[in-house]
Amino acid sequence: AALGARQSIEPAIRRALDVPAGDVEAAILKGCDDFDLTELKIIAAQIREWGSSRGTSRIEAIEQWIATDPDGRPAMLEKLHLVWAKADGEINSTKGWIPKDPDYLPRVIPLHRRCAELLGWRTRAAYAAIVGAGLRAGQAYALAYAEAKRSAGLVDFDDLIRLTVRLLGTPGIGDWVRYKLDQSTDHILVDEAQDTNADQWAIVAGLAGEYFAGEGAQESKHRTLFTVGDFKQAIFGFQGTDPENFRAAQAFRALPECAAEPGGI
């Protein structure tokens, strides 16, 4: 539900990635107008005067850009970028790899930034399309799965946890349920505690809280909350678990009733 309507997923991702709305190639085409041809000719002249064989392909790229119809320039953007950028996209400023003209770098820096920005739009738009398709497929599956459960009158493990948390937290009925469970529960054991999530700890807290409330706190019988876990063995992060939730159990130590007990959580 947080993703919104299926058709709004990809636009939302593009906004998060700072990609222009609409046709990204049209936006790139318009952005290509920012490369002043006179400025590019000056850069080509600086590279030619440098006289290095390393500049041959750069001069060719600039000449091809200038000779190409504006509509065809977006397809040449990566090649133009290599005039001033290394293979990893960073600006080429290494001595011996650029012209010695002191005016060269100040001239190409803004062009490098703009070129990288336009290419970034294309990359991030493609990424948004892939992620959006995956999220739409996942959302469709989740909706179909939820409908199948409703039709069959079934719940799964996650439903049981979520509904239990809701029940225990509902005013009136939740208090009554906790009270009834407290009548027959003296010991709580949480095994593999590093793989518990916040909702599961909420259930533990809801049950153990009755140990020290009302009649439950006055009874003479021994009541315990025992947890066993190892942070290094946490493997269920995909289910929303976090070893840090294990620390939630430390809060029980602050209760006066627990403070006198040796060992414990």
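Residues numbered from 1 in each chain as written. Predicted model: local features only at pLDDT ≥ 70, side-chain atom pairs only at ≥ 80, totals over all residues. Heavy atoms only, no water.

The next subject is helix α1 (residues 9–16). For the α-helix, the turn length of 3.6 residues means that residues three or four positions removed from each other point alike. Three or more residues of α1 are buried, namely Ile9, Glu10, Ile13 and Arg14. Down the axis of α1, the buried set is contained in an arc of 135 degrees. They therefore lie on one face. α1 presents Arg15 and Ala16 as exposed residues on the side facing more than 90 degrees away from its buried surface. In the core, the buried residues of α1 are packed alongside α2 (24–31) and α6 (104–152). Positive backbone phi, at 60 degrees, marks Asp18, one or two positions downstream of α1. (Buried < 20%, exposed > 50% of the residue type's maximum accessible area, 1.4 Å probe, protein only. Helix = DSSP H or I, 4+ residues; strand = E, 2+ residues; numbered from the N terminus. Arc of directions from axis to C-beta. Contact = heavy atoms within 4.5 Å.)

The full count for this structure, using the stated rule, is 14 salt bridges. Between Asp34 and Arg114 there is a salt bridge whose closest N-O contact spans 2.7 Å. Taken together, the positions of Asp34 in the loop between α2 and α3 (37–50) and Arg114 in helix α6 put the pair 80 residues apart, joining distant regions of the chain. On the accessibility criterion, Asp34 (45% relative accessible area) is partly exposed. As a salt-bridge pair, Glu147 and Arg150 come within 2.9 Å of each other at their nearest N and O atoms. (Salt bridge = Lys/Arg side-chain N within 4 Å of Asp/Glu carboxyl O.)

Only one face of strand β1 (residues 187–190) is covered, namely the one carrying Ile188 and Val190; the face carrying His187 and Leu189 has none of its residues buried. Two elements, β1 and strand β2 (residues 224–227), share four bridges in a ladder whose sense is parallel. Bridge pairing in β2 places Val190 opposite Thr227. (Pairing = 2+ DSSP bridges.)

One pass over the full model with this rule turns up three aromatic pairs. Judged by centre distance (6.4 Å) and plane angle (10 degrees), the rings of Phe35 and Trp84 are stacked. Taken together, the positions of Phe35 in the loop between α2 and α3 and Trp84 in the loop between α5 (77–81) and α6 put the pair 49 residues apart, joining distant regions of the chain. Ring geometry for Tyr141 versus Tyr145: centroids 6.2 Å apart, planes at 5 degrees, classification stacked. Of this pair, Tyr141 and Tyr145 both sit in helix α6, separated by four residues, roughly a single helical turn. Of the aromatic side chains, those joined through ring pairs into one cluster are Phe35, Trp65 and Trp84. The side chain of Arg54 reaches across the aromatic face of Trp97, ending 3.9 Å from its centre. (Phe/Tyr/Trp six-rings, centres within 6.5 Å; stacked < 30°, edge-to-face > 60°. Lys NZ or Arg CZ within 6 Å of the ring centre and 35° of its normal.)

Below, the discussion takes up unusual backbone geometry. Residues other than glycine seldom take positive phi values, yet Asp18 does so here, at roughly 60 degrees. By secondary structure assignment, the location of Asp18 is in the loop between α1 and α2. Relative accessible area serves as the criterion here: at 58%, Asp18 is assigned to the exposed category. A positive phi angle, near 50 degrees, is found at Glu192, a position not held by glycine. Relative to the assigned elements, Glu192 resides in the loop between β1 and α9 (198–208).

This part takes up the nonpolar core. Of all hydrophobic cores here, the largest spans 30 residues; its most connected members are Phe35, Leu77 and Trp84. When contributions to this core are tallied by element, the ones reaching two or more residues are α2, α3, α4 (56–67), α5 and α6. Examining the composition of this core, we find that eight residues originate from one element, α6, more than from any other. When residues no more than four places from it in sequence are discounted, the contact partners of Phe35 are Leu40, Trp65, Leu77, Leu80, Trp84, Leu111, Arg114, Cys115 and Leu118. Of all hydrophobic cores here, the second largest spans eight residues; its members include Ile188, Ala193, Ala208 and Leu225. (Core = buried A, V, L, I, M, F, W, Y, C linked by side-chain atoms within 4.5 Å.)

Moving on: α3. Across its 14 residues, α3 extends 20 Å between first and last C-alpha, which sits within 8% of the 20 Å expected from 1.5 Å per residue. Those residues of α3 that fall on the buried side of the exposure criterion are Leu40, Ile43, Ala44, Gln46, Ile47 and Trp50. Looking down the long axis of α3, one finds its buried residues gathered within 160 degrees of arc, a one-sided arrangement. Residues of α3 that are exposed and angled more than 90 degrees away from the buried face: Thr38 and Glu49. Among the structural elements, α4, α5 and α6 are those in contact with the buried residues of α3. Of the residues flanking the start of α3, the one acting as N-cap is Asp36, its side-chain oxygen 3.1 Å from the backbone nitrogen of Thr38. Just downstream of α3, Gly51 is the residue with a positive phi angle, here 80 degrees. (Expected span 1.5 Å × (residues − 1). Polar contact = N/O pair within 3.5 Å; in protein donor to acceptor, adjacent residues only side chain to side chain.)

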